[in-house]
Amino acid sequence: MTSKIWLASLISVGVLSGCTTNSATTSTTDFVDDFPSQGSELPYSVLRNDLIDGKTNRPFEIRNGGFGSAMVANPSQANQFYALTDRGPNANYDGGYGKGKSFPVASYTPRIGLFEVDAGGKVTMVKSILLKRPNGSLISGLPNTSALGGTGETPYHADGSPVLMDDSKPYDKTTNPIKLDDYGLDGEGLVALKDGTFWVSDEYGPHIVHFDSNGVEIGRINAFKDDSRNVYHLPAVFAHRRANRGMEGLAITPDETTLVGIMQSTLQNPDKAAQKSDLTRIVTVNLTTGKTEQYLYRQEKNENSNSEISALTTNKFLVIERDGAFLLGGPGGDSKAKPNAQKHVYRIDLTTGTPLSSISLSDSVKRDDSHGLMIEGLTLEQFAMKNGWDALSDRGVKPVNKALVVDMVKAASYPHDKMEGLWVIDDHHLGVLNDDDFATWSTKGKLEQKLLDNTTVDSNKLYIIKADLMGN
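What comes next is a walk through the structure. (Residues numbered from 1 in each chain as written. Predicted model: local features only at pLDDT ≥ 70, side-chain atom pairs only at ≥ 80, totals over all residues. Heavy atoms only, no water.)

### Things to note about the overall build of the protein
To be explicit about the condition: Where helices and strands are cited, they refer to DSSP runs of H or I of at least four residues and of E of at least two residues respectively, numbered from the N terminus. In this scheme, a residue with accessible area under 20% of its type's maximum is buried, one over 50% is exposed, and one in between is partly exposed, where area comes from a 1.4 Å probe on protein chains only. Every residue pair with non-hydrogen atoms within 4.5 Å of one another is taken to be in contact. Accessible surface area values rest on a Shrake-Rupley calculation with a 1.4 Å probe, where residue burial reflects the displayed protein chains alone. For the charge count, each Lys or Arg is scored as positive and each Asp or Glu as negative, with His and the chain ends excluded. By convention, the point assigned to a charge is CZ for Arg, NZ for Lys, CD for Glu and CG for Asp.
For the protein, the helix and strand inventory stands at 4 helices and 31 strands. Dimensions of the protein, computed from C-alpha atoms along their principal axes, come out at roughly 60 × 55 × 50 Å. Put simply, the protein has 472 residues, and 58% of those count as buried. A separation of at least 24 residues holds for 63% of the contacts in the protein among residues at least 6 apart in sequence. Approximately 18600 Å² of the protein is accessible, and the part contributed by carbon and sulfur atoms is 48%. Here the protein contributes 48 positive and 59 negative side-chain charges, whose respective centroids are spaced 4 Å apart.

### Observations regarding the pairing of strand E4 (residues 70-73)
We count it as follows: For two strands to count as paired, DSSP must find a minimum of two bridges between them.
The alternating pattern of E4 places Ala70 and Val72 on one face and Met71 and Ala73 on the opposite face, and all of these are buried. Taken together, the 4 bridges between E4 and strand E5 (residues 80-84) define a ladder with antiparallel strand orientation. Its bridge partner being in E5, Ala70 is matched across the sheet by Leu84. Taking the residues that link successive antiparallel strands as the turn, the E4-E5 hairpin has 6 residues.

### Notes on the sheet that holds strand E6 (residues 91-95)
Going by this rule: To obtain an axis, a line is fitted to C-alpha atoms, over the contacting stretch when the element is a helix, and the angle between two such axes runs from 0 to 180 degrees between their N-to-C directions.
Read from one edge to the other, the open sheet built from 3 strands follows the order E6-E7-E10, with strand pairing classed as mixed. The open sheet has two edge strands, E6 and strand E10 (154-156), and neither has a second partner. Neighbouring strand axes in the sheet, compared pairwise and without regard to direction, differ in orientation by 40 degrees on average.

### Observations regarding the packing of aromatic side chains
For the record, the criterion: Note on ring pairs: Phe, Tyr and Trp rings are taken, using the six-membered ring of Trp, and paired if centres are within 6.5 Å. Classes follow the plane angle, with under 30 degrees stacked, over 60 edge-to-face and the rest tilted.
Summed over all chains, the structure comprises 10 aromatic pairs. Judged by centre distance (4.9 Å) and plane angle (80 degrees), the rings of Tyr82 and Phe198 are edge-to-face. With Tyr82 in strand E5 and Phe198 in strand E12 (residues 198-202), the pair connects residues that are 116 residues apart, well separated along the chain. Ring centres 5.3 Å apart and planes at 80 degrees place the aromatic pair Tyr108 and Phe438 in the edge-to-face group.

### Points about the side chain of Arg63
Note the cut-off: In protein, a polar contact requires one atom able to donate a hydrogen and another able to accept it; more generally it is a pair of N or O atoms within 3.5 Å, and residues adjacent in sequence count only if both atoms are side-chain atoms.
Mapped onto the elements, Arg63 comes out in strand E3 (residues 62-64). A relative accessible area of 10% means that Arg63 is categorised as buried. A polar contact is formed between the side chain of Arg63 and the side chain of Glu61, at a distance of 3.0 Å. Those residues in contact with Arg63 that lie beyond four places of it in its chain are Tyr44, Ser45, Val46, Leu47, Phe438, Ala439, Val457, Asp458 and Ser459.

### Examining the sheet that holds strand E23 (residues 365-368)
The strand order across the open sheet formed by 3 strands is E23-E24-E25, and the pairing between neighbours is antiparallel. Sheet topology places E23 and strand E25 (378-379) at the edges, where each strand pairs with a single neighbour. Bridge count between E23 and strand E24 (residues 372-375): 4 bridges; the pairing is antiparallel. Across the sheet, residue Val365 finds its bridge partner in E24, namely Ile375.

### Things to note about the pairing of strand E13 (residues 208-211)
Along any regular strand, the residues point their side chains to alternate faces of the sheet. Judged by which residues are buried, E13 turns out to be covered on both faces: Ile208 and His210 on one side and Val209 and Phe211 on the other are all buried. Across 4 bridges, the pairing between E12 and E13 is antiparallel. When the bridges of E13 are listed, Trp199 appears paired with His210. Between the antiparallel neighbours E12 and E13 lie 5 residues. In the sheet, E13 pairs with strand E14 (residues 217-222) via 4 bridges, with the strands oriented antiparallel. The residue of E14 that forms the bridge with Ile208 is Ile221. Counted between consecutive antiparallel strands, the loop separating E13 from E14 contains 5 residues, among which Gly215 sits at a positive phi close to 85 degrees.

### A word on the environment of Gly160
The topology assignment puts Gly160 in the loop between E10 and strand E11 (187-192). For the pair Gly160 and Ala70, spaced 90 residues apart in sequence, the C-alpha separation works out to 30 Å.

### Points about helix H2 (residues 380-387)
Count 3.6 residues to each turn of an α-helix, and residues three or four apart come out pointing the same way. The cut-off we apply is this: Each C-beta atom gives one direction from the helix axis, and the arc is the one those directions make.
Within the span of H2, buried status applies to Leu380, Glu381, Phe383 and Ala384. Angularly, the buried residues of H2 cover 165 degrees about the axis, an arc narrow enough to put them on a single face. Contact partners of the buried residues in H2: strand E18 (279-286), strand E19 (292-298), E24, E25 and helix H3 (389-394).

### So, the pattern of salt bridges
Cut-off, in case you're wondering: Salt bridges are defined by distance alone: a side-chain nitrogen of Lys or Arg within 4 Å of a carboxyl oxygen of Asp or Glu.
All told, the structure shown has 23 salt bridges when counted by the stated rule. As a salt-bridge pair, Glu381 and Arg281 come within 2.8 Å of each other at their nearest N and O atoms. Here Glu381 is found in helix H2, whereas its partner Arg281 is found in strand E18, with 100 residues between them in sequence. The residues Glu381 and Arg281 share a single accessibility class, namely buried. Glu376 serves as the salt-bridge partner of Arg395, at 2.4 Å between the closest nitrogen and oxygen. One end of the pair, Arg395, is in the loop between H3 and strand E26 (401-407); the other, Glu376, is in the loop between E24 and E25, with 19 residues separating them in the sequence.

### Here we look at unusual backbone geometry
Cis geometry marks the peptide bond from Gly205 to Pro206; its omega dihedral reads 5 degrees. Tracing the backbone through its elements, the reader meets Pro206 in the loop between E12 and E13. Residue Ser413 is not a glycine yet carries a positive backbone phi of 45 degrees. Look at Ser413 and you get partly exposed, because its relative accessible area is 49%. Notably, Ala439 is not glycine yet its phi reads approximately 65 degrees, a positive angle. Relative to the helices and strands, Ala439 resides in the loop between strand E28 (429-434) and strand E29 (440-443). Residue classification places Ala439 among the buried residues on the basis of a relative accessible area of 0%.

### Concerning the side chain of Arg87
By the element assignment, Arg87 lies in the loop between E5 and E6. Among the polar contacts made by the side chain of Arg87, one reaches the side chain of Tyr204 at a distance of 2.9 Å. Sequence-distant contacts of Arg87, that is, excluding residues within four places in its chain, are made with Lys101, Phe103, Tyr108, Pro110, Gly141, Glu153, Leu185, Asp186, Gly187, Tyr204 and Asn244.

This is the structure we're talking about:
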């Protein structure tokens, strides 16, 4: 079923609604009142525990875990949320077949977990949905080919050998090459719809993929015109994503007609020199027509990470913006503690930003098929870096306004480096989830346990924060 047919069927039966928060009626949200202030740990299983920590020289656990890349309410039950894993445990690695990633569980399948919170704040897993190709076979978390956004990452096993099409045979460029997967996803954004289906955005393409309730792909959106799987296309400029920093957040408007995605970082537009900036992009995709629109989001610091976006109303959204610091020092120990770590949630309003399609063209303002809107021969990323945001504003291009809603360091002494999941529970309660990276870390390509301080292993934790989400 294509997305257009799917949407039309929802409208015809009157499923869509315009509510601003989770409208589930099958359970209450009483759990928010006495939720543990220190957070509640999500359950996990151990994927493997036979590898040796590169620092301690002792065995360590690789956990599943990993359900922190995105988070969203279950539309049909108020005390449940869905959470998403990324491509699986991995670490930077430079081997004999080029720079890439070590995948200690190379067969890992990205998945969506359904979790439930009881009245005492305990979190349990209800089920896990493995993501699948249209034919029902499991996808992997391995990189895509270059034609679909791959950036040349070579996948390696934990022992340094390359991941091959057939690992039982020697490498051969023609008959047994490096294994890549054009269905592979590094998922980072998640939407759960009232009909039981999901949209997932990722860091590889970036791709936005529509899955049915069983995790089988039924539609796809990306910036690659030759991809026959697509229902619609993103603007070509999004193919210039920075490696490992793709579409980190995904939301949908309350009427379920429009997807809203946010890029984690500045695009490499037109090249790597442009990426070290604070200009990032938001894109909307109308699921009825395929029409897209773009807006700019200005980060607080260059090369911060936009890690999530969640809908409040048709135009108002929450955005996580964070740095990569650990409050307690992280794997490097207390000497690297960052009491000023930034883990913020902002409220934005798209109506306050300039829709890029509204900018009039002239001799100095043009649109390029690959690089988008250009001013004086420069991409927006280049122009802002060279001339500043005031000069961009003088040209009629303004970012969306934003207002701080939650500072998680102040609100919860947030100890994690990554804050990537948002659950809008109601107008005054927000669920926040960290990404524990499967409890793994790496130093100079050596795998190790991911620690929050000298002894505490990082894990997925749910925090519930009371705040005025709507700004009333």
